[in-house]
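# A closer look at the structure
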Amino acid sequence: MATLLYRLGRFSYRHAWRVIGVWVLVLIAVLGAGIGLGGKTQESFAIPGTESQQALDRLEAVFPSVAGASATAVVVAPAGASIGSEKATIEELVTAIEKVPGIDSAMSPFDQYAGKAISDDGTMAIIRVQFDGPSTDVTDATIADLKATAEVGTAEGLQVEFGGQVFQETSVAITITEVFGVIFAGVVLVITFGSLLAAGMPLLSALLGVGIVMGAIMTLSAFTTVSSSAPLLALMIGLAVGIDYALFILSRHRTQLAKGEDPEESTAMAVGTAGSAVVFAGVTVIIALLGLLVVGIPFLSVMGVGAAVAVLIAIGVATTLLPALLGLAKGRLIPKEGSRAWKRAHIGEVSTGSTTERAHRTMGLRWVTGVMKRPVLATLGVITILGTLAIPAMSLDLNLPDGGSQPVDSTQRKAYDLVSEGFGPGFNGPLIVAVDITQTVTIMEDLDSIGSQLRGLADVAYVSQGFPDEGLDTAIIQVTPSSAPDSLETKQLVQTIRDLAPSIAAKYDTPITVTGTTAIGIDISNRLTSALVPFGLIVVGLSIVLLMMVFRSVLVPIKAALGFLLSVVASFGVVVAVFQWGWLGDIIGVENPGPILSFMPIILMAVLFGLAMDYEVFLVSGMR
């Protein structure tokens, strides 16, 4: 491996413009393909095999009018008036909503099948809106047209707000924050190297690699569903490892230059030695990211593959493009005698100054020396600090976002708050109980009996009457919890209904399943929570095996695995304390502390593992 990389580094150095030209052409081709095909990310959190998803798939086949995406229009009467006195205006609003392209139906709160759609005080009403297809098929134009219908009510003094799954912001978009991250990385590199030329190389190579992987993901999204979190994870991993890999090789190169090595020979040696560590570290991260395929969650699999490709490209860029850039720079990267880079290359050596002899001791050397004097104390200190930070992780609560997590000035947040105030928080996320009625002849009687049984459960605020489909295959019963959609009580209610299903099936010969937006979100969160352990085992197990192969050691891999796990739980603890409990949330603008986004822990583990393995391999190989 080292010999092959040595030759590759020398070849890239000698044929700099050819190598750079190839990478630029690849970048243009991949980005061009992605832009030309017009691929876009979209959120699809369907997980095959969950009860809620199977029930929804069945409803789409036999009861399509209730299987599509849904929304609610919340109408508040003017001060001193009631919903009843505004019936004509509300009916006009319902008609306007039904005319919106992409809307299947809108149920007036005065409809006999509307259930509890008017608040007890008579000042608020809910219009239930059903779309033609799933939320992934609802266009921005449809949502804009739906919001525009509010003018029908506001013109008469009504307050109209919209909420529901199609208004929830579940995407994890790339924002200006990432740009600031790149700028900050550039500043750190300039300070580290003391040279704009040296600082720019890792950043340039990492950005080129990220550009290629972004183009590849855009191209892929034109043919399959790609979550918005996939390019974000690929970007974060790509920038992190791209800068790290180039930085490690470049640091080795400058150290050798400071000791008098020829630039070409130094480049080849740096790629052959430090490049070997880069390849091993990269392969470890790639295998771990591909471990997401084992979890069996489609959108996570796409995320893992995308991030793995980003790491693979980062390895290629660091071992070919970087030495090509070094070939253009030639001897201009040689550190000046007395500079920080020159001193780092001569750590511990004694040089003669104008009056005294002094040893070149950097801050890093002083830090390590201090730690090595008290290794047990340092170890206990780190474990104590990170262990304390990890304590909140035991309260980690995962869920998909709902209206309560949206900005306070958004229509979906206003609708959520109004419904919670006028009806109860559970009305923001009703459950759908699908009943198989193919084996019963007393359909309505059985549905009434099942409904009565469901009303007797804890945390149930309202149960609608049963509605059979036209083919008398399936009926639905809407169960509204007393608690909010993201609450623990609602999760327990879903499980209680499922535990009740076998006895209902035996008594009425009518199997039941629980589905709906809330149930699907709960199932996704549960599956993702259960996926953390096998993913963690895969990551830790692979890291131990691969590090044993690289270092021929047992202690180093075990220490690396324990350090990674401690870092993960400490990170989870900080996330829970800030974003779930709200500690110090005001400082960084956390408006609504609550459950953590379901797939955040997976992303966090992947990013942390990538960095942890990089630093482990780089530091230990450097020590050896």
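See the structure printed just above.
So, here's what we can say about the structure. (Residues numbered from 1 in each chain as written. Predicted model: local features only at pLDDT ≥ 70, side-chain atom pairs only at ≥ 80, totals over all residues. Heavy atoms only, no water.)

## Focus: the overall build of the chain
Each helix and strand in the chain was counted, giving 22 helices and 13 strands. By principal-axis analysis of the C-alpha atoms, the chain measures approximately 95 × 50 × 50 Å. Classification of the 624 residues of the chain by burial places 51% in the buried group. In the chain, the proportion of contacts linking residues at least 24 apart, taken out of those at least 6 apart, comes to 76%. As presented, the chain carries roughly 28,500 Å² of accessible surface, and 63% of it is formed by carbon and sulfur atoms. Considering the chain, the positive charge centre built from 35 side chains and the negative charge centre built from 51 side chains are found 24 Å apart. (Helix = DSSP H or I, 4+ residues; strand = E, 2+ residues; numbered from the N terminus. Buried < 20%, exposed > 50% of the residue type's maximum accessible area, 1.4 Å probe, protein only. Contact = heavy atoms within 4.5 Å. Areas by Shrake-Rupley, 256 points an atom, 1.4 Å probe, with all protein chains shown as cover. Lys, Arg positive; Asp, Glu negative; His and termini not counted. Charge placed at Lys NZ, Arg CZ, Asp CG, Glu CD.)

## Comments concerning empty space enclosed by the protein
Inspection of every chain in the model, using the stated rule, returns one cavity of 30 Å³ or more. One number sums up the size of the largest cavity: a volume of about 60 Å³. Lining the largest cavity we find S205, A206, G209, V210, V213, G238, G242, A310, A314, V317 and A318. At five residues, the largest contribution of residues to the lining of the largest cavity is made by helix α9 (residues 196–221). When the residues that make up the lining of the largest cavity are grouped by side-chain class, the tally is seven nonpolar, four polar and no charged. (1 Å grid on protein atoms, 1.4 Å probe; cavity = no way out; pocket = protein on both sides within 12 Å on 5 of 7 lines; lining within 4 Å. Points joined across faces, edges and corners; volume = space filled by probe spheres on them. Nonpolar A, V, L, I, M, F, W, Y, C, P; charged D, E, K, R; others polar.)

## Brief notes about the side chain of Q412
For Q412, the position within the fold is in helix α17 (residues 411–422). A relative accessible area of 12% means that Q412 is categorised as buried. Those residues within four positions of Q412 in sequence are excluded, and the remaining contacts are F162, G163, F167, G403 and Q406.

## Concerning the environment of A506
One can find A506 in helix α19 (residues 488–508). Spatially, the C-alpha atoms of A506 and R254 are 76 Å apart, while their sequence positions differ by 252 residues.

## Observations concerning the sheet that holds strand β2 (residues 103–107)
The antiparallel open sheet is built from four strands, whose spatial order is β2-β3-β1-β4. Since the sheet does not close on itself, it has two edges, and those belong to β2 and β4 (159–163), each with one partner. Sheet twist, expressed as the mean angle between neighbouring strand axes with direction ignored, is 20°. Bridge count between β2 and strand β3 (residues 124–131): four bridges; the pairing is antiparallel. Its bridge partner lying in β3, I103 is registered against F131. (Pairing = 2+ DSSP bridges. Axes fitted to C-alpha atoms, helices over the stretch in contact; angles between N-to-C directions.)

## Things to note about unusual backbone geometry
Excluding glycine, residues mostly carry a negative phi; peptide bonds, for their part, are mostly trans. One non-glycine residue with positive phi stands out, namely D459, at about 70°. Of note, D509 is a non-glycine position whose phi angle comes to about 60°, a positive value. Position of D509 relative to the elements: it lies in the loop between α19 and β12 (512–515).

## Overview of helix α20 (residues 517–551)
Counted at 1.5 Å a residue, the expected span for α20 with its 35 residues is 51 Å, and the 49 Å between its end C-alpha atoms agrees. Along α20, the sharpest kink reaches roughly 30°, centred on L532 and followed within four residues by the proline P534. Phi turns positive, to about 50°, at R552, one or two residues after α20. (Expected span 1.5 Å × (residues − 1). Bend = angle between axes of the 7 residues up to and from the residue.)

## Focus: a nonpolar patch on the surface
Together, I176, V179, F180, I183, V187 and I191 make up a nonpolar patch on the protein surface, roughly 580 Å² of accessible area in all. By secondary structure assignment, the location of I176 is in helix α8 (residues 176–193). Using a relative accessible area of 52% as the deciding quantity, one classes I176 as exposed. (Patch = residues over 30% accessible without salt bridge, like charges linked within 9 Å, V, L, I, M, F, W, Y side chains within 5 Å. Salt bridge = Lys/Arg side-chain N within 4 Å of Asp/Glu carboxyl O.)

## A word on the pairing of β3
Where burial is concerned, most of β3 is hidden: eight out of the eight residues are buried. The two faces of β3 match: M124, I126, R128 and Q130 on one face and A125, I127, V129 and F131 on the other face are all buried.

## A word on the nonpolar core
Of all hydrophobic cores here, the largest spans 109 residues; its most connected members are Y245 and V311. Per-element accounting of this core gives the leading share, 19 residues, to helix α13 (residues 298–329). Here Y245 is in contact with V278, A281, G282, V285, V311, A314, I315, A318, D614 and F618, once residues within four sequence places are set aside. Grouped together as the second largest cluster of nonpolar side chains are 26 residues, V94, V129, F162 and F167 included. (Core = buried A, V, L, I, M, F, W, Y, C linked by side-chain atoms within 4.5 Å.)

## Quick word on the packing of helix α1 (residues 2–14) against α13
In the contact formed by α1 and α13, the axes pass within 7 Å of each other and the chain directions differ by 45°. The angle between α1 and α13 places the two elements in the oblique class. Every pair of crossing elements has a handedness; the one defined by α1 and α13 is right-handed. Contacts from L5, L8, G9, S12 and Y13 of α1 reach α13 at T319, T320, P323, A324, L326 and G327. (Parallel < 35°, antiparallel > 145°, perpendicular 65-115°, else oblique. Left-handed = near helix turned anticlockwise from the far one by under 90°.)

## Here we look at the pattern of salt bridges
The final tally for this structure, using the stated rule, is 10 salt bridges. A salt bridge links E616 to K559, with the nearest nitrogen and oxygen atoms 2.7 Å apart. Of the two residues, E616 sits in helix α22 (residues 600–623) while K559 sits in helix α21 (residues 555–580), which places them 57 residues apart along the sequence. Several salt bridges share partner residues, and in doing so they unite R10, R14, E264 and E265 into one network.

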